[in-house]
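# Results of the structural survey
Listed below, chain by chain, are the residues.
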Amino acid sequence: MKKVSTNHQYRRFSRVSRGLRPGPATINHLKIYCDGGSRGNPGPAAIGFLVEDSKRGTIFKKGKFIGKATNNVAEYQAVIEALEWIADNRFCFPLSKTDLHFYLDSRLVVNQLNGFFKIKNSNLQILVIKIKALENQLENSVFYHFIPRSQNIKADKLVNKALDRWVLKQRT
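Reference entry: report on the structure contained in this document. (Residues numbered from 1 in each chain as written. Predicted model: local features only at pLDDT ≥ 70, side-chain atom pairs only at ≥ 80, totals over all residues. Heavy atoms only, no water.)

### A word on a positive patch on the surface
Side chains of Lys-61, Lys-157, Lys-161, Arg-165 and Lys-169 sit close together on the surface and give a patch of like positive charge. Here the positive patch gets four residues from one element, more than from any other, and that element is helix α5 (residues 153-171). With respect to the helices, strands and loops of the structure, Lys-157 is situated in helix α5. (Patch = residues over 30% accessible without salt bridge, like charges linked within 9 Å, V, L, I, M, F, W, Y side chains within 5 Å. Areas by Shrake-Rupley, 256 points an atom, 1.4 Å probe, with all protein chains shown as cover. Salt bridge = Lys/Arg side-chain N within 4 Å of Asp/Glu carboxyl O. Lys, Arg positive; Asp, Glu negative; His and termini not counted. Charge placed at Lys NZ, Arg CZ, Asp CG, Glu CD. Helix = DSSP H or I, 4+ residues; strand = E, 2+ residues; numbered from the N terminus.)

Take a look at the structure:
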């Protein structure tokens with residue numbers, strides 16, 4: 001009896017669509033952990049993201065104060081900053097066959113970026129248009145995954161460090 005091989009592309013797609021981490025069928029990929037937060041809503045806000053290569057681990061991380069914003073704006077701004085960094089540095093590592101997997105702890109933002117939820121706020125619509133334009137500029141497959149906050153600790157720390165630095169500046 002002949003053994004039937006598994007269709008790896010289908011398996012990878014079904015794992016991604018359920019929000020699970022990609023399996024061994026995805027060899028070349030970047031993991032981008034993003035977070036945004038504000039103290040008050042709106043209030044002083046910051047973003048954080050880190051980029052991990054499947055072979056080398058963390059290759060870049062950034063935390064940045066962005067001014068007064070809502071939590072949702074900060075979450076979207078983190079994705080924008082990460083996509084801009086990838087676009088600016090795409091010649092430093094081979095991106096031609098690299099999938100970009102974004103991990104966020106905002107279920108709302110992930111579902112909006114995946115097209116499952118409508119975006120009613122016009123300010124957020126503008127940010128999503130910018131994100132989609134950056135995605136098209138990169139020409140990579142981009143996936144957005146929801147993860148629990150406990151799995152996004154590194155990006156969360158970058159946000160809080162940026163906010164703490166801003167608070168210290170205000171006191172001096």
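Now that the structure is up, let's keep going.
### A closer look at α5
In this model, α5 (19 residues) spans 27 Å end to end at C-alpha, consistent with the 27 Å of a helix rising 1.5 Å per residue. Within the sequence span of α5, burial applies to Ala-155, Leu-158, Val-159, Ala-162 and Leu-163. The buried residues of α5 occupy an angular sector of 125 degrees when the element is viewed end-on, so they sit on one face. Set apart from the buried face of α5 by more than 90 degrees, the exposed residues are Lys-154, Lys-157, Lys-161, Leu-168 and Arg-171. Those residues of α5 that are buried are in contact with β1 (29-38), β2 (43-53) and β3 (57-69). (Expected span 1.5 Å × (residues − 1). Buried < 20%, exposed > 50% of the residue type's maximum accessible area, 1.4 Å probe, protein only. Arc of directions from axis to C-beta. Contact = heavy atoms within 4.5 Å.)

### Focus on the pattern of salt bridges
Counted according to the given criterion, the structure contains six salt bridges. Notably, a salt bridge pairs Glu-81 with Lys-62, separated by 3.1 Å at the nearest N-O pair. Of the two residues, Glu-81 is situated in helix α2 (residues 71-88) and Lys-62 in strand β3; the sequence distance between them amounts to 19 residues. You can call Glu-81 buried: its relative accessible area is 9%. What makes Lys-62 partly exposed here is its relative accessible area of 27%. Among the charged side chains, a salt-bridge network with shared partners connects Lys-62, Lys-64 and Glu-81.

### Side note on the environment of Ile-59
Inspection of the secondary structure puts Ile-59 in strand β3. We classify Ile-59 as partly exposed; its relative accessible area is 26%. Once the C-alpha coordinates of Ile-59 and Leu-30 are considered, the two residues, 29 residues apart in sequence, prove to be 9.7 Å apart.

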